[in-house]
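Now for the letters of each chain:
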Amino acid sequence: MIRSVIEYCLRNRLFVVTVSSIIAVMGVWSIFRISLDAIPDLSDTQVIISSKWMGRDSQTIEDQVTYPLTTAMLAVPEVKDVRGLSFFGQSFVYVIFEDGTDIYWARSRIMEYLNHAQADIPKDVTPTLGPDATGLGWVFLYTVEDTENRYDLGELRALQDWYIRYQLLSVKGVAEVASVGGALRQYQVTVDPQKLFSYKLSLKNIVSAIRKSNNDVGGEVMELGGAEFMIRGRGYIKSVKDIESVVLRATTDGTPTLVRDVATVKIGQATKRGVAEKDGRGEVVAGIIVARHGANALDVINGVKEKIRTISSGLPEGVIIKPAYDRSDLIKRAITTLKSKLVEEMAIVALVILIFLWHARSALVAAITLPLAVLASFTIMKSMGLGANIMSLGGIAVAIGAMVDAAVVMVENTHKHLERADNKQERSRAVLNACMEVGPALFFSLLIITVSFLPVFALQDQAGKLFKPLAFTKTFA
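What counts and how
- Residues numbered from 1 in each chain as written.
- Predicted model: local features only at pLDDT ≥ 70, side-chain atom pairs only at ≥ 80, totals over all residues.
- Heavy atoms only, no water.
- Helix = DSSP H or I, 4+ residues; strand = E, 2+ residues; numbered from the N terminus.
- Buried < 20%, exposed > 50% of the residue type's maximum accessible area, 1.4 Å probe, protein only.
- Contact = heavy atoms within 4.5 Å.
- Lys, Arg positive; Asp, Glu negative; His and termini not counted.
- Charge placed at Lys NZ, Arg CZ, Asp CG, Glu CD.
- Polar contact = N/O pair within 3.5 Å; in protein donor to acceptor, adjacent residues only side chain to side chain.
- Expected span 1.5 Å × (residues − 1).
- Core = buried A, V, L, I, M, F, W, Y, C linked by side-chain atoms within 4.5 Å.
- Pairing = 2+ DSSP bridges.
- Axes fitted to C-alpha atoms, helices over the stretch in contact; angles between N-to-C directions.
- Parallel < 35°, antiparallel > 145°, perpendicular 65-115°, else oblique.
- Left-handed = near helix turned anticlockwise from the far one by under 90°.
- Nonpolar A, V, L, I, M, F, W, Y, C, P; charged D, E, K, R; others polar.
- Disulfide = S-S within 2.5 Å.
- Patch = residues over 30% accessible without salt bridge, like charges linked within 9 Å, V, L, I, M, F, W, Y side chains within 5 Å.
- Areas by Shrake-Rupley, 256 points an atom, 1.4 Å probe, with all protein chains shown as cover.
- Salt bridge = Lys/Arg side-chain N within 4 Å of Asp/Glu carboxyl O.
- Phe/Tyr/Trp six-rings, centres within 6.5 Å; stacked < 30°, edge-to-face > 60°.

Asks: Looking at this model, I keep getting lost on the overall build of the protein. Mind explaining?
Replies: The helix and strand tally for the protein stands at 16 helices and 14 strands. Counting only C-alpha atoms and orienting by the principal axes, one finds that the protein spans roughly 125 × 60 × 55 Å. For the protein, with 477 residues in total, the buried portion stands at 38%. Long-range pairs, those at least 24 residues apart, make up 71% of the contacts in the protein between residues at least 6 apart in sequence. For the protein, the distance from the average site of its 52 positive side-chain charges to the average site of its 49 negative ones is 3 Å.

Asks: How do you make sense of the side chain of Thr 101 when you look at a structure like this?
Replies: Tracing the sequence through the fold places Thr 101 in the loop between strand 3 (90–97) and helix 4 (103–117). Residue class for Thr 101 comes out buried when judged on its relative accessible area of 12%. There is a polar contact of 2.8 Å between the side chain of Thr 101 and the backbone oxygen of Glu 98.

Asks: Sorry if this is basic, but what is going on with helix 13 (residues 390–418) here?
Replies: Residue pairs spaced three or four apart in an α-helix point in one direction, given the helix's 3.6 residues per turn. Under the 1.5 Å per step criterion, the end-to-end length of helix 13 is 42 Å for 29 residues, consistent within 8% with the ideal 42 Å. Sitting at the head of helix 13, Asn 389 places a side-chain oxygen 3.0 Å from the backbone nitrogen of Met 391.

Asks: I keep staring at the nonpolar core and nothing clicks. Help me out?
Replies: The nonpolar side chains of soluble globular proteins are, as a tendency, buried together. Membership of the largest hydrophobic core comes to 51 residues, with the highest contact counts inside it found for Tyr 142, Ile 164, Ile 289 and Val 304. Beyond its immediate stretch of four places on either side in the chain, Val 304 contacts Phe 140, Leu 168, Val 171, Val 174 and Ile 289. Grouped together as the second largest cluster of nonpolar side chains are 21 residues, Ile 49, Val 76, Val 82 and Ile 121 included.

Asks: Would you explain the sheet that holds strand 6 (residues 174–181) in this entry?
Replies: Across a sheet, strands are paired by hydrogen bonds formed along the backbone, either parallel or antiparallel in direction. Taken in spatial order, the four strands make up an open sheet running 6-13-5-14, and their pairing is antiparallel. The two strands at the open ends of the sheet, each matched to only one other strand, are strand 6 and strand 14 (319–326). For this sheet the average axis-to-axis angle between neighbouring strands, irrespective of direction, equals 25°. With seven bridges connecting them, strand 6 and strand 13 (residues 285–291) associate as antiparallel partners. Across the sheet, Val 177 pairs through a bridge with Ile 289, a residue of strand 13. Against the sheet, helix 5 (residues 153–169) touches strand 5 (138–146), strand 6, strand 13 and strand 14, its axis set at about 175° to strand 6. Strand contacts of helix 11 (residues 327–357): strand 5 and strand 14, with the helix running at about 40° to strand 14, the strand carrying the most contacts.

Asks: Explain the packing of helix 5 against helix 10 (residues 297–311) to me, please; I cannot follow it from the model alone.
Replies: The angle between the axes and the distance between the axes are what describe a pair of packed helices. One way to put it is that helix 5 packs onto helix 10 with a least axis distance of 10 Å and a crossing angle of 140°. Of the possible angle classes, the one that applies to helix 5 and helix 10 is oblique. As for how helix 5 packs across helix 10, the hand of that crossing is right-handed. Two secondary-structure elements touch here, helix 5 through Tyr 163, Ile 164, Gln 167 and Leu 168 and helix 10 through Val 304, Lys 307, Ile 308 and Ile 311. Taken together, the residues that form the contact of helix 5 with helix 10 break down as six nonpolar, one polar and one charged.

Asks: Sorry, what's going on with the state of the cysteines here?
Replies: Any covalent bond linking the sulfur atoms of two cysteines counts as a disulfide. Inspection of the entire model under this criterion finds zero disulfides. Here Cys 9 is not cross-linked by a disulfide; its sulfur's nearest cysteine counterpart is in Cys 435, at 10.0 Å. Taking the relative accessible area as the measure of exposure, Cys 9 reaches 32% and is therefore partly exposed. A relative accessible area of 12% places Cys 435 in the buried class.

Asks: Please explain the packing of helix 11 against helix 13 as it appears in this structure.
Replies: Where helix 11 meets helix 13, the closest approach of the two axes is 10 Å, and the angle between their N-to-C directions is 10°. In terms of their interaxial angle, helix 11 and helix 13 are classed as roughly parallel. From helix 11, Ala 334, Ile 335, Leu 338, Leu 342, Glu 345, Val 349, Ile 353 and Leu 357 reach across to helix 13, where they touch Ile 390, Leu 393, Gly 394, Ile 396, Ala 397, Ile 400, Val 404, Val 408, Val 411 and His 415. Residue composition of the contact of helix 11 with helix 13, grouped by class: 15 nonpolar, two polar and one charged.

Asks: Hey, could you run me through a nonpolar patch on the surface in this one?
Replies: Taken together, the side chains of Ile 348, Leu 351, Val 352, Leu 354, Ile 355 and Phe 356 present a nonpolar region at the surface, about 580 Å² in accessible area. Structurally, Phe 356 can be placed in helix 11.

Asks: Whenever I open this one, the packing of aromatic side chains confuses me. Can you help?
Replies: Given two aromatic rings, their pairing is described by the distance between the two centres and the angle made by the two planes. One pass over the structure, following the stated rule, counts six aromatic pairs. Between Phe 443 and Phe 444, the ring centres sit 5.3 Å apart and the planes meet at 80°, which makes this aromatic pair edge-to-face. A network of ring pairs unites the aromatic residues Phe 457, Phe 472 and Phe 476 as a single cluster.

Asks: How should the pairing of strand 10 (residues 247–250) be read in this particular structure?
Replies: Look at any regular strand and the pattern is simple: side chains alternate between the two faces of the sheet. Note that strand 10 and strand 11 (residues 256–258) share three bridges and pair antiparallel. Paired with Val 247 across the bridge in strand 11 is Leu 258. What sits between strand 10 and strand 11 in their antiparallel hairpin is a turn of five residues, with Gly 254 showing a positive phi close to 95°.

Asks: What's the story with the sheet that holds strand 1 (residues 46–52) in this structure? I'm lost.
Replies: One open sheet holds the four strands; their spatial order is 2-3-1-4, and the pairing between them is antiparallel. The two strands at the open ends of the sheet, each matched to only one other strand, are strand 2 (79–87) and strand 4 (128–129). Pairing between strand 1 and strand 3: seven bridges, direction antiparallel. Bridging across to strand 3, Lys 52 finds its partner in Gln 90. Packed on one face of the sheet, helix 3 (residues 58–73) meets strand 1, strand 2 and strand 3 and runs near 165° to strand 2. Lying on the sheet, helix 4 is in contact with strand 1, strand 3 and strand 4; it crosses strand 1 at an angle near 35°.

Shape descriptors only; they carry no functional weight alone.
Spelled out as structure tokens, the structure:
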């Protein structure tokens, strides 16, 4: 069979050139569209369930939120492990699925089972799913800095939360923009216990009154002079004065008791449970860009940088956004290193053939077939969803060594046959005989090398995710 293929190719050169050109074009197209990253993603397929129940201790969170959700998630199909973590006021449940499970299928199953689990947890707790990202999704980190010392950490954090974050969420491939550091501003109502007792009120009365006062209500439509006017009550709290003016109760003669009569209202900072610090110079406000599952990390980072350049003109004077962690540099250096090594290997092989055989066209055999094999590998990688990283490109580099040996043997054997040929017809027959003589042996020798990698495909979990890309791309090449 191998001999027949060789003979067909040598007798139909136009067909071979056409197919090779198509492979080259498809390979180039795949290179510009394949997902790029520095290392393969070793994380499990997992879905994170986050639940907030503020003001409760970790044991209460564990008993009433984490435990019911954890037990409910054990029945989800394809689940490998469920892990629950309880903190003060917050619960996290990590649902880990079997390898190969589609992340969006997993998320839809979790949503189905959450609907049933809602009956077993407190009614004021609303579980939410984490972003559709992986453990390798942290691709970019930036800081929001004031170069002129005009704004405090609370104002910078508000700028990050209410302007910068929403802008960056619109970038294609971004799953989450997490804010860290700074100071969360909040309205703080400090109640005087003695005044509260003298007015015969409780904390529950104050909380209820403020909550009910922070609301807009609708009314009716009034017609005046042939025009309709919509009546509404505007009651959203916008300042400290609005909270101070909230009525807690009124006496029989209509005298109101206001919040300011029993408490002091001010804008303060939420209690910090951690800080973000940069270069030993003090606290900063930062944002973490998390890429979506399966997104091209390099494209996401480039999109984020472009969006930052766009929104920078809308920032207050003196406020700038600085990159603190940028994985694109690592990705580019890793890809560049492997690309240069591949080019060096192909150039050295061509040079060796040229020196020892002193025949330029023979050197082109390696100079053309090796890049063609690499381009064909990229085409298959793109169709299978494999990304280009250190391991997958390393597999191609390993394969070139074996392919080089085959090319050298084929070219040298052809030269030996050509030395005994006189005319053009005999030379064509000599090339055919030379290729058919060593072709099957070379094919099966490469096949044996390929078979030697079969145990790698049997690896599971993180080992499989690490080494399978190398085995795949080496086999493709």
